[in-house]
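# Summary of the model geometry
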Amino acid sequence: MFRHAQALGNRGPDHASSWFRSGEGRRYLRHFGGLIALKITLLAILYFVFVAPQPRADTSPDHVFDAVRGAHDTTAVSQPRSEPTP
């Protein structure tokens, strides 16, 4: 069926002639690894500058219970309704 395919036999790949084991392959690996390390560093910087300082929601049990129950927050300033003038 596949007349052009070579017989695999019991031989594995020849690691001595692999491009990744050549000087260019090792240089490629260093550059690729450096790029990944740089991206991880930049993402960590972005996290600590923009995400970490954000205020967190109050998830204490009392606050969650009041939010579910619909109670008003006691720190909020309530203003009386003004009636329309005739």
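Before reading on, note that the structure itself is shown above.
Attention in this report is confined to the structure presented alongside it. Everything numeric here is computed off the predicted structure, so don't read it as measured data.

Parameters at a glance
Residues numbered from 1 in each chain as written. Predicted model: local features only at pLDDT ≥ 70, side-chain atom pairs only at ≥ 80, totals over all residues. Heavy atoms only, no water. Helix = DSSP H or I, 4+ residues; strand = E, 2+ residues; numbered from the N terminus. Buried < 20%, exposed > 50% of the residue type's maximum accessible area, 1.4 Å probe, protein only. Salt bridge = Lys/Arg side-chain N within 4 Å of Asp/Glu carboxyl O. Phe/Tyr/Trp six-rings, centres within 6.5 Å; stacked < 30°, edge-to-face > 60°.

### Notes on the overall build of the chain
Along its length, the chain carries two helices and zero strands. Every one of the 86 residues in the chain was classed for burial, and the buried ones make up 2%.

### Considering the pattern of salt bridges
Two side chains of opposite charge can pair, provided their charged atoms sit close to one another. Following the criterion strictly, the structure yields one salt bridge and no others. With its nearest N and O atoms 2.6 Å apart, the salt bridge here joins arginine 69 to aspartate 66. Of the two residues, arginine 69 and aspartate 66 are both situated in helix α2 (residues 61–69); the distance of three residues between them amounts to about one turn of the helix.

### A closer look at the packing of aromatic side chains
Counting across every chain of the model gives four aromatic pairs. Taken together, a centroid distance of 5.2 Å and an interplanar angle of 75° make the contact between tryptophan 19 and phenylalanine 20 edge-to-face. Taking relative accessible area as the criterion, tryptophan 19 reaches 44% and is therefore assigned partly exposed. Each residue in the set Trp19, Phe20, Tyr28 and Phe32 is aromatic and connected to the rest through ring pairs, giving one cluster.

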